[in-house]
Amino acid sequence: MLKLEHVDKEYADHHALNDINLEFQEHETTVLLGPSGAGKSTLLRSLNLLEEPERGIYQISDHTIDFSKDISNKEKLQIRQLTGMVFQSWNLFPHLTILQNITEGPIHVLKQSKADAETNAERLLKLVGLEDTKNRFPNQLSGGQQQRISICRALAMNPEYILFDEPTSALDPELEAQVLRVLLELAEEKQSMIVVTHNLEFARRVANKIVFLENGKIEFEGTADEFFNHPTDRIKAFLTGMTF
Amino acid sequence: MWDTIVKSTPEIVGAGIKYSIPLALISFVIAMVIAVATALVRTTEPKGSGITKFLFKLLKWIISFYIWLFRSTPLLVQLFIVFFGLPSIGVELDAFTAGIITFSLNTGAYCSESVRGAIISIPKSQWEAAYAIGMSYSQVLFRIIFPQAMRVAIPPVSNSFIGLVKDTSLASSITILEMFTVSQQIAAKNYEPMLMYCMVAVYYAVFCSILSIGQYYLERYTSRYIVTGG
Ligand SMILES: Nc1ncnc2c1ncn2[C@@H]1O[C@H](COP(=O)(O)OP(=O)(O)OP(=O)(O)O)[C@@H](O)[C@H]1O
Ligand SMILES: [Mg+2]
């Protein structure tokens, strides 16, 4: 289970997260929605400790962190292993082959043997339909392919939660579909996921829970059915703004 | 003429092997250690608070001062200060040591800037992607950032290395018996300055050319992942 209590994150002139209280259930897909600047990325990045909020309690697995205190390096690394991250612009390591991109963490962080890591990487590559790219370098692949590889890279660490920050926003529609299909499969396999997206169709189909964020505050938390079929006025305006 | 060339070659090349090349290689290795260490400090934002933050800022300031100092004064003057000047305040160094120290610090200052530029040219997103899979600072540095930064740093660092090789000829002024000193001595004896100085010029050029070839292959190797097209 992953839980946040009274989490606050302030930038110099901006209250990016304002008293966030949230629970993310295991084996579920939570979709984070909200207008630009709402704090969605900040929230995800805080879960992976790429950002450190000033206050609040963060519980994951058997770790409990108080953001108002220093976090030990060791605990930071452990929590990062529990929370895989998939970035909007995938951020593969350009100097490593596709296979090495996926095995880098398992070999050097989890200390798996090279053989084990590679066997697992090949299994993951098959899962996303890219087994024949393993010896290529990232810049020989399309954006959609690279994003699927970056999902493999996160999965290879066997994290408890995978965090997706607008994984398809930089992709053309047909490439987006390739990536969303992978996410759909992961959801069916009950992988715990937290997904920031602007794709409402995806949210409607996959989300076990939707969280609507605005100005660093949680404005709504509930099922996809409530969100889409019984929206508040604010959500209605948001949904209308997303269609044209 | 052939006779003179054949006769003086062993002496000049011998001086190169005994002094010029070791001066250049040892100084370069030390310079790179200085360059990488100082560049890392300069590209790191101090965390924490109070005294550690202050000390870190102080260190950054000292490094900036060092780089400014060595880039703003002539190398020949630096050599003279270290070898002829320091004894007057009680620091006596043999010529070779003085040469190594000066060349290392001088080249280190230039390469520090090259390495810093290379490190900050790697997008922040690479650090984040590496941290996100649980890598430690040193793992990110050695496995993700340096291999990419090397590609960027090789041209300017090669420039400095080649410059250093030629600058070792300045060591003649602090009594080191390197190639140029020896060619001067021979010229004084056989009255063939034109021939001797052209010869030594050729030997410098040979050494520098070998480095250029090395640079070419190193660049090719570190750029192997920059391939275009599917
Ligand atoms: N490093 C930073 N320094 C200062 N302000 C920041 C920083 N990062 C984010 N912010 C601010 O915090 C707020 C939340 O940003 P965040 O990136 O979390 O929004 P978001 O919901 O992900 O938006 P988008 O949909 O555009 O990605 C924004 O107002 C942003 O300007
Ligand atoms: Mg965002």
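The name an unreviewed UniProt entry assigns to chain B is Amino acid ABC transporter permease, from the organism Paucilactobacillus nenjiangensis. Among the UniProt annotations of chain B, the heading Sequence similarities (unreviewed entry) holds the following wording: "Belongs to the binding-protein-dependent transport system permease family."

Looking up chain A in an unreviewed UniProt entry gives the name Amino acid ABC transporter ATP-binding protein, with the organism given as Paucilactobacillus nenjiangensis.

## Examining the overall build of chain A
Helix and strand counts for chain A stand at nine helices and ten strands. On C-alpha atoms alone, chain A measures out to a radius of gyration of 18 Å, which is about the 18 Å that the 2.2 N^0.38 rule sets for 244 residues. For chain A, the C-alpha atoms occupy an extent of roughly 50 × 45 × 30 Å along the three principal directions. For chain A, the residues scored as buried account for 55% of the 244 residues in total. Restricting to contacts in chain A with at least 6 residues of sequence separation, those with at least 24 account for 64%. Put simply, chain A shows about 10700 Å² of open surface, and 45% of that area lies on carbon and sulfur atoms. A distance of 4 Å separates the average location of the 25 positive side-chain charges in chain A from that of its 37 negative side-chain charges.

## Things to note about the nonpolar core
Core analysis: the biggest nonpolar cluster contains 90 residues, and Leu47, Tyr58 and Ile194 of chain A have the highest contact counts within it. Counting residues per element, this core draws most heavily on helix H6 (residues 137-167) of chain B, at twelve residues. Residues in contact with Ile194 of chain A, not counting those within four places in the same chain, are Leu2, Phe24, Thr30, Leu32, Leu44, Leu47, Tyr161, Ile162, Leu163 and Phe164 of chain A. If you look at the next biggest cluster of nonpolar residues, it comprises 46 residues, including Leu183, Ala203, Val206 and Phe212 of chain A.

## As for the sheet that holds strand E6 (residues 83-86) of chain A
Residues and elements named next belong to chain A. Taken in spatial order, the six strands line up as E6-E7-E8-E3-E9-E10 in an open sheet, and their pairing is mixed. Edge positions in the sheet fall to E6 and strand E10 (217-222), since each of these pairs with one other strand and no more. Neighbour to neighbour, the strand axes of the sheet diverge by 20 degrees on average, direction disregarded. The pairing of strand E3 (residues 29-33) with strand E9 (residues 209-214) spans four bridges and is classified as parallel. In the strand pairing of E9, Leu32 is matched with Val211. Its contacts with the sheet place helix H5 (residues 143-156) against E6 and strand E7 (161-165), and it is angled at close to 170 degrees to E6.

## Re the sheet that holds strand E5 (residues 63-66) of chain A
Residue and element names in this part refer to chain A. Taking strand neighbours across the sheet as the criterion, the four strands line up as E2-E1-E4-E5 in an open arrangement whose pairing is antiparallel. This sheet does not close on itself; its edge strands, each paired only once, are strand E2 (14-24) and E5. The mean angle between the axes of side-by-side strands here comes to 15 degrees, regardless of whether they run parallel or antiparallel. Two elements, strand E1 (residues 2-11) and E2, share seven bridges in a ladder whose sense is antiparallel. Note that in E2 the partner of Glu10 across the bridge is His15. This element, helix H1 (residues 40-47), spans E1, E2 and strand E4 (55-60) of the sheet and lies at about 60 degrees to E2. Here helix H2 (residues 73-82) sits on the sheet in contact with E4 and E5, set at roughly 120 degrees to E5.

## Some thoughts on the site of ligand 1
Residue and element names in this part refer to chain A. Taken together, 13 residues lie near ligand 1, and Ser36, Gly37, Lys40, Ser41 and Thr42 sit nearest. In this structure, Tyr11 approaches ligand 1 through a side-chain N or O atom, which is 3.4 Å from a nitrogen atom. A distance of 2.8 Å separates an oxygen atom of ligand 1 from a polar backbone atom of Gly37. In the complex, the protein chains occlude 61% of the 640 Å² of accessible area that ligand 1 would expose alone. For the shell around ligand 1, the secondary-structure elements that each account for two or more residues are E2 and H1.

## Focus: the UniProt feature "domain: ABC transmembrane type-1" (unreviewed entry) in chain B
What UniProt calls "domain: ABC transmembrane type-1" (unreviewed entry) maps, in this numbering, to residues 17-212 of chain B. Secondary structure content for residues 17-212 of chain B is 81% helix and 0% strand, while the C-alpha to C-alpha distance between its ends is 19 Å.

## Brief notes about the UniProt feature "domain: ABC transporter" (unreviewed entry) in chain A
Cross-referencing UniProt, the feature "domain: ABC transporter" (unreviewed entry) maps to residues 2-240 of chain A in the present numbering. End-to-end, the C-alpha atoms of residues 2-240 of chain A are 32 Å apart, and along that stretch the chain is 39% helix and 26% strand.

## Here we look at the UniProt feature "transmembrane region" (unreviewed entry) in chain B
According to UniProt, the feature "transmembrane region" (unreviewed entry) maps to residues 20-41, 61-86 and 194-218 of chain B in the numbering used here. The span residues 194-218 of chain B shows a helical share of 100% and a strand share of 0%, and its end C-alpha atoms are spaced 36 Å apart.

## Points about the pairing of E6 of chain A
Residues and elements named next belong to chain A. Here E6 shows two buried faces, one formed by Thr83 and Met85 and the other by Gly84 and Val86. Relative to E7, E6 runs parallel, the two being bridged by four bridges. Bridge pairing links Met85 to Leu163 in E7.

What counts, and at which threshold
Residues numbered from 1 in each chain as written. Chains lettered and ligands numbered in written order. Predicted model: local features only at pLDDT ≥ 70, side-chain atom pairs only at ≥ 80, totals over all residues. Heavy atoms only, no water. UniProt positions renumbered as here; feature names shortened; annotations may be inferred. Helix = DSSP H or I, 4+ residues; strand = E, 2+ residues; numbered from the N terminus. Rg over C-alpha atoms; globule rule 2.2 N^0.38 Å. Buried < 20%, exposed > 50% of the residue type's maximum accessible area, 1.4 Å probe, protein only. Contact = heavy atoms within 4.5 Å. Areas by Shrake-Rupley, 256 points an atom, 1.4 Å probe, with all protein chains shown as cover. Lys, Arg positive; Asp, Glu negative; His and termini not counted. Charge placed at Lys NZ, Arg CZ, Asp CG, Glu CD. Core = buried A, V, L, I, M, F, W, Y, C linked by side-chain atoms within 4.5 Å. Pairing = 2+ DSSP bridges. Axes fitted to C-alpha atoms, helices over the stretch in contact; angles between N-to-C directions. Near = heavy atom within 4 Å. Polar contact = N/O pair within 3.5 Å; in protein donor to acceptor, adjacent residues only side chain to side chain.

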